Each structure stands twice: as C-alpha cells, then as structure tokens.
Amino acid sequence: MPERERERLDGVLAEMRAAAGRSGRDPGSVELMLVTKTVDASRIAPFVERGHRLFGENKVQEAKAKWGGGELAGYRPDFIGHLQTNKVKACLESCGRIHAVDRMGLVVALDRELRKRGEERDVFLQVNTSGEPSKFGVPPHEAVALAEAVSAYPSLRVAGLMTLAAFSTDPEKSRPCFRLLRSLREEVLRRRIFGPEFRHLSMGMSGDFGVAVEEGATIVRVGSAVFGHRSTPNSLYWPDHPSE
Ligand SMILES: *Cc1c(COP(=O)(O)O)cnc(C)c1O
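This report concerns the structure included in the present document. (Residues numbered from 1 in each chain as written. Predicted model: local features only at pLDDT ≥ 70, side-chain atom pairs only at ≥ 80, totals over all residues. Heavy atoms only, no water.)

## With respect to the overall build of the protein chain
Inference 1: Scanning the protein chain for helices and strands turns up nine helices and eight strands.
Inference 2: By the compact-globule yardstick of 18 Å for 244 residues, the protein chain fits well, its C-alpha radius of gyration being 17 Å.
Inference 3: Taken over the C-alpha atoms alone, the protein chain extends approximately 50 × 40 × 35 Å along its principal axes.
Inference 4: Counting all 244 residues of the protein chain, 53% fall into the buried class.
Inference 5: Sequence separation of 24 or more characterises 60% of the internal contacts of the protein chain that already satisfy a separation of 6 or more.
Inference 6: Of the side-chain charges in the protein chain, 36 are positive and 33 negative, and the distance between the mean point of each set is 2 Å. (Helix = DSSP H or I, 4+ residues; strand = E, 2+ residues; numbered from the N terminus. Rg over C-alpha atoms; globule rule 2.2 N^0.38 Å. Buried < 20%, exposed > 50% of the residue type's maximum accessible area, 1.4 Å probe, protein only. Contact = heavy atoms within 4.5 Å. Lys, Arg positive; Asp, Glu negative; His and termini not counted. Charge placed at Lys NZ, Arg CZ, Asp CG, Glu CD.)

## Focus: the site of the ligand
Inference 1: Near the ligand lie 13 residues; those nearest to it are K37, N58, S206, S224 and R230.
Inference 2: One of the side-chain N or O atoms of R230 is found 2.7 Å from an oxygen atom in the ligand.
Inference 3: Across the complex, the protein chains shield 96% of the 380 Å² of accessible surface that the ligand would expose by itself.
Inference 4: Residue composition of the shell around the ligand, by class: six nonpolar, four polar and three charged. (Near = heavy atom within 4 Å. Polar contact = N/O pair within 3.5 Å; in protein donor to acceptor, adjacent residues only side chain to side chain. Areas by Shrake-Rupley, 256 points an atom, 1.4 Å probe, with all protein chains shown as cover. Nonpolar A, V, L, I, M, F, W, Y, C, P; charged D, E, K, R; others polar.)

## Section: the pattern of salt bridges
Inference 1: Within the structure shown, the criterion is met by 24 salt bridges.
Inference 2: In this structure, the salt-bridge partner of E119 is R121, at a minimum N-O distance of 2.8 Å.
Inference 3: A residue is classified by how much of its surface remains accessible, and E119, at 24% relative accessible area, is partly exposed.
Inference 4: Salt-bridge contacts for R175 lead to E215; the nearest nitrogen and oxygen are separated by 2.7 Å. Separated by 40 residues along the polypeptide, R175 in helix α7 (residues 175-190) and E215 in the loop between α8 (209-214) and β8 (219-222) bring together distant segments of the chain. The same class applies to R175 and to E215, which are both buried.
Inference 5: Through salt bridges that share partners, E15, R22, E172, R175, R179, R182, E214 and E215 make up one connected network. (Salt bridge = Lys/Arg side-chain N within 4 Å of Asp/Glu carboxyl O.)

## Structural notes on the side chain of H99
Inference 1: As for its placement among the helices and strands, H99 is situated in strand β4 (residues 98-101).
Inference 2: Since its relative accessible area comes to 0%, H99 is described here as buried.
Inference 3: Polar side-chain contacts of H99 include one of 2.7 Å to the side chain of D78.
Inference 4: A distance of 3.1 Å separates a polar atom in the side chain of H99 from a polar atom in the side chain of S202.
Inference 5: Beyond its immediate stretch of four places on either side in the chain, H99 contacts M33, D78, F79, I80, F124, Q126, M162, S202 and I219.

Structural data, given as structure tokens:
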C-alpha cells in the first residue's frame with residue numbers, strides 16, 4: 001500500500017481511538033468502513049491484503065465491475081448507496097449488507113428476491129436526520145413505523161440504522177443528526193421491534209467521523225480521508241431529485 005495511504009489510514013484509526021477515549025467508549029466497539037467508490041481495484045487490493053475486510057460502494061454497476069472478479073474476487077463490499085428496485089438483484093449478487101433501506105417498495109423488492117435465493121440479508125434502515133430534501137432516508141418521525149413494517153419480513157435482518165448528516169465543513173453541525181439517530185435506535189430497542197442483532201449505528205464520514213464516534217457510531221464510513229479527494233461531485237451519489 002502506498003506510504004501516503006497507509007499514513008492516512010493510521011491517522012483515521014488514531015482519531016477513532018481518540019474519539020472513543022473522549023466519550024468513554026471501547027475503541028473495539030467501532031469499525032472503519034473504507035468507502036471505495038471511484039477507487040480502482042488495484043488500489044483497494046493492498047487494503048484487503050493487509051487484512052481490512054469492511055468496504056462500501058455507492059453504485060451497483062461499479063460494485064459489480066470492481067468486486068465481481070479479478071483481484072477482489074471472493075470479497076464483497078457493503079452497499080451504501082440509494083438502491084433502485086430494478087437494481088436489487090444485481091446488488092444482492094455483488095454486495096453484502098445493504099445500508100440504505102428507506103421505503104417499503106424497496107423492502108418488498110428485496111424480500112421477493114431474497115426468498116427466490118433462499119437467503120436472509122443484513123440491512124440498515126436509512127433515516128434522513130438532517131431534513132435536507134436532497135438526502136434519501138425515511139423522515140425521523142416515520143422511522144419507528146418503518147422498523148415495525150420491516151419486522152414482518154424475516155428475510156431482512158435489520159442490523160441497525162444509517163444516516164448521512166448535514167453537509168458542512170463544521171463537524172459539530174453533524175452532532176444533532178447523530179444524536180437523533182442514536183435516540184431512534186433507543187426507541188426501536190425499547191419497543192422490542194427487533195432482537196439484539198439490531199445494534200448498529202452506521203454514521204460519520206471523512207469530515208465528521210470523530211463526532212460520530214463520540215455519539216455512538218458502531219460503523220464509520222470513510223472514503224476521501226484515506227483515498228484522497230474524489231474528482232466526481234457528491235451530487236452524483238446523492239442526487240437532488242430522487243427518481244423514486
Ligand atoms: C462516499 C460516501 C461516504 C464517504 O464519504 P467521504 O466524505 O469520502 O468519507 C460515506 N457514506 C456514503 C453513503 C457515501 O456515498
């Protein structure tokens with residue numbers, strides 16, 4: 001792995017440990033997901049060799065092209081993007097856990113395909129904690145109802161909640177979003193909608209993962225802080241006009 005990437009990775013891991021320390025958490029209770037969108041397989045392979053196993057991709061086509069064979073064959077990224085129902089089959093084939101389940105249409109499509117495959121899958125419910133219209137995710141006041149509805153589909157094992165915080169250069173702006181996600185997890189647990197497998201908070205990115213760890217993240221999703229700046233705009237991954 002190139003020196004620069006190793007240094008950045010070590011820096012991120014050190015900041016995660018420091019944030020866990022500041023909030024009295026066990027550093028082992030939070031995992032680093034490396035978000036590899038736009039990063040070539042040849043740059044990802046050294047991380048796999050070094051023993052890293054948790055990766056995230058945002059687009060089904062890209063996940064399929066990069067992880068379906070070649071140097072990354074045998075490994076699967078988590079899927080963290082907005083999933084269209086017509087891409088469910090390809091997504092289940094190429095990816096592992098699905099982080100952005102945010103509507104019943106998608107739940108039904110996933111369940112149908114999973115039952116065809118005779119499979120269960122870990123998923124996360126995505127909540128729009130920032131209230132920004134450009135973000136996908138169920139509105140916070142509908143999250144518990146979505147959880148209840150999804151609990152009727154045993155092919156989906158709900159592992160936790162996921163969010164994208166408000167975009168800002170100030171990580172403190174993300175803190176209320178992360179707190180809100182944590183409080184929704186408490187509410188779902190209190191109502192015993194799911195069992196103990198429902199425990200994750202997938203939250204925090206390059207600009208705010210330290211705050212996310214302080215607020216209870218169990219998975220932080222980090223791309224550019226390790227792989228460097230992307231030339232593609234974020235609007236490619238979080239379209240302003242959701243098509244469904
Ligand atoms: C790209 C992406 C990330 C990581 O973003 P960085 O700012 O590069 O760390 C996290 N979550 C999702 C859903 C993403 O698409």
